[in-house]
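Now for the letters of each chain:
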Amino acid sequence: AAVRGLLKRGGFKPSGRNKPASEYLAQAAREGRFPRINNLVDVNNFLSLESGLPSSLLDLRAFAGRACLRYGQPGERYVFNTAGQEIDLEGLLCVCGGAADAPLGNPVKDSSAAKLKPDTDAVLGVVYASLDCVTGPQLAALAERFGGLLRDFGGAGSVRTWVLQAG
């Protein structure tokens, strides 16, 4: 309920195919069809399943040195899979990057433009939460755990973590 509340804050309606990614993963695990993709994505999915919080693991190159969090604007959309399906981002919390602060990920479905590729060599991990879900220290510990899992199972050479709080 707290994760859905986070998604609703900007006016997004998290239901049906637009439910939080963490809910999809939990349902898949209960049904014995937890997706296995590659070590990095599997770490991300494991952390989301373990914490109950949606998370993104995105190719850092897509951000061109700039990242921010904001709500999707009216008419904003992006393609999220190889079939060319799009998600309407209006009112949805998004991690954005590049010179135009284009949406690249969110707690429901990540952009195809920022998904990991075979030559990805640097990633940005995002855990979407609010103080209704976890405390600041709990989120900091979760970020450290994410980094540790990426080091131990994803081959990360270095990890930096931050907890961003809206004021």
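The structure this text deals with has already been given above.
Residues numbered from 1 in each chain as written. Predicted model: local features only at pLDDT ≥ 70, side-chain atom pairs only at ≥ 80, totals over all residues. Heavy atoms only, no water.

(A) Spotlight on a nonpolar patch on the surface. A cluster of nonpolar residues, Leu69, Trp162 and Leu164, forms a patch on the protein surface that exposes about 390 Å² of accessible area. Relative to the helices and strands, leucine 164 resides in the segment after helix H4 (136-154). (Patch = residues over 30% accessible without salt bridge, like charges linked within 9 Å, V, L, I, M, F, W, Y side chains within 5 Å. Areas by Shrake-Rupley, 256 points an atom, 1.4 Å probe, with all protein chains shown as cover. Salt bridge = Lys/Arg side-chain N within 4 Å of Asp/Glu carboxyl O. Helix = DSSP H or I, 4+ residues; strand = E, 2+ residues; numbered from the N terminus.)

(B) The pattern of salt bridges, seen in detail. Within the structure shown, the criterion is met by nine salt bridges. One salt bridge connects aspartate 132 with arginine 9, and the closest N-O pair in it is separated by 2.6 Å. Within this pair, whereas aspartate 132 is found in the loop between strand S7 (123-127) and H4, its partner arginine 9 is found in the loop between helix H1 (2-8) and helix H2 (21-30), the two being separated by 123 residues in sequence. With relative accessibility at 56%, the residue aspartate 132 sits in the exposed group. Residue arginine 145 is joined to glutamate 50 by a salt bridge in which the shortest nitrogen-to-oxygen separation is 2.7 Å. Pair noted here: arginine 145 is in helix H4 and glutamate 50 is in helix H3 (residues 39-51), with a separation of 95 residues, a long-range link. Since its relative accessible area comes to 36%, arginine 145 is described here as partly exposed. What emerges from the salt-bridge pattern is a single network uniting Asp59, Arg61 and Asp119. (Buried < 20%, exposed > 50% of the residue type's maximum accessible area, 1.4 Å probe, protein only.)

(C) Local environment of the packing of H3 against H4. H4 packs onto H3 with a crossing angle of 145° between their chain directions and a minimal axis gap of 9 Å. Note that H3 runs across H4; the crossing there is right-handed. Along its contact with H3, which presents Asn39, Leu40, Val43, Asn44, Phe46, Leu47, Glu50 and Ser51, the element H4 presents Leu142, Arg145, Phe146, Leu149, Leu150, Phe153 and Gly154. Taken together, the residues of the contact of H3 with H4 break down into nine nonpolar, four polar and two charged. (Axes fitted to C-alpha atoms, helices over the stretch in contact; angles between N-to-C directions. Left-handed = near helix turned anticlockwise from the far one by under 90°. Contact = heavy atoms within 4.5 Å. Nonpolar A, V, L, I, M, F, W, Y, C, P; charged D, E, K, R; others polar.)

Nothing here speaks to function; it is geometry throughout.
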